[in-house]
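What follows is each chain in one-letter form.
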Amino acid sequence: MIIAAGGGRRIGGPEALLHQGEKPLVDQMLDTLVAGGCGQIVVVLGAAADQVLRTAELSRATVVVNPSWGTGIGSSLGVGLAALTDDRIEAVLVVPVDMPGLSVAAVRRVSALPYPDALVCATYGGLRGYPMLFGRRHWPGITTLAKADVGARPYLLAHKDQIVDIACDTVADGSRVDTPELMTFWGLSVPPQRVGA
């Protein structure tokens, strides 16, 4: 699941409109998940959804739009989980779109044990980050507790003894692009003609 719904107030436009050169970052993230072995992929859009659909190539994914995207990542997580209706799916890997340093290797590490009871988090410098893997048995609880901008954090805190931490420091960069400085570092831009919420 790619969460690409935020308005990106701190970077000058919606995260889903970020481009690295000519290519939308959401397309690159989709490529990374496919190469990492993910099957059905859900992309959750929100801010500027119409513009994203016009500029990105999302035909390989199930696209859902969170009408309440302004309330934070929690509602987008709930919308994305609700879109996973195939009972054969035992776990979902979750990533935000604004992680240009995510690698195929990190996706493979975190998704190695896609079981219904799994709770897996990538770590960078000992701190938990994305990608995260949520087994199906955890989805109802995550949906109930996922609030505002904290997403699944309340659920993870309540089940911290069940989380498997997977170090990804050596294979990926876990930073999220939330400042103009990081946009410059990664060579990202929000094309002016496409900025909007």
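About the cut-offs
Residues numbered from 1 in each chain as written. Predicted model: local features only at pLDDT ≥ 70, side-chain atom pairs only at ≥ 80, totals over all residues. Heavy atoms only, no water. Helix = DSSP H or I, 4+ residues; strand = E, 2+ residues; numbered from the N terminus. Rg over C-alpha atoms; globule rule 2.2 N^0.38 Å. Contact = heavy atoms within 4.5 Å. Areas by Shrake-Rupley, 256 points an atom, 1.4 Å probe, with all protein chains shown as cover. Buried < 20%, exposed > 50% of the residue type's maximum accessible area, 1.4 Å probe, protein only. Pairing = 2+ DSSP bridges. Right-handed = clockwise from strand over helix to strand, strands pointing away. Axes fitted to C-alpha atoms, helices over the stretch in contact; angles between N-to-C directions.

Whenever I open this one, the overall build of the protein confuses me. Can you help?
When its secondary structure is counted, the protein shows seven helices and ten strands. In summary, the protein has a C-alpha radius of gyration of 15 Å against a globular reference of 16 Å for 197 residues, a match within 12%. Overall, the C-alpha framework of the protein stretches about 45 × 35 × 30 Å when taken along its three principal axes. Within the protein, residue pairs in contact and separated by at least 24 positions form 69% of the contacts whose partners lie at least 6 positions apart. When the accessible area of the protein is evaluated, it comes to approximately 9200 Å², of which 54% is carbon and sulfur surface.

Would you take a moment to explain the pairing of strand β4 (residues 42-45) for this structure?
Where a strand is regular, its side chains alternate between the two sheet faces. Residues Val42 and Val44 line one face of β4 and the alternating positions Val43 and Leu45 line the opposite face, and both faces are buried. Two elements, strand β1 (residues 2-4) and β4, share three bridges in a ladder whose sense is parallel. The residue bridging Ala4 from the neighbouring strand is Leu45, located in β4. Bridging between β4 and strand β5 (residues 62-65) involves four bridges; their strand directions are parallel. In the strand pairing of β5, Val43 is matched with Val63. Between β4 and its parallel partner β5, the chain crosses via helix α2 (residues 49-55), and the hand of that crossover is right-handed.

Would you mind going over the sheet that holds strand β8 (residues 127-135) with me for this structure?
Sheets are built from strands paired through backbone hydrogen bonds, the pairs being either parallel or antiparallel. Spatially, the seven strands line up as an open sheet ordered β5-β4-β1-β6-β8-β7-β9, and their pairing is mixed. Edge strands, defined here as strands with exactly one partner in the open sheet, are β5 and β9 (164-167). Between one strand and the next, the sheet's axes are offset by a mean angle of 25°, whatever the strand orientation. Across six bridges, strand β7 (residues 119-124) lies against β8 in antiparallel orientation.

Please clarify how the sheet that holds strand β2 (residues 19-20) should be interpreted in this entry.
Strand order in this open sheet of three strands is β3-β2-β10, and the pairing throughout is antiparallel. Every interior strand has two partners, whereas the edge strands, β3 (23-24) and β10 (188-189), have only one. Where β2 meets β3, two bridges bridge the pair, whose relative direction is antiparallel. Bridge assignment links His19 to a residue of β3, and that residue is Pro24.

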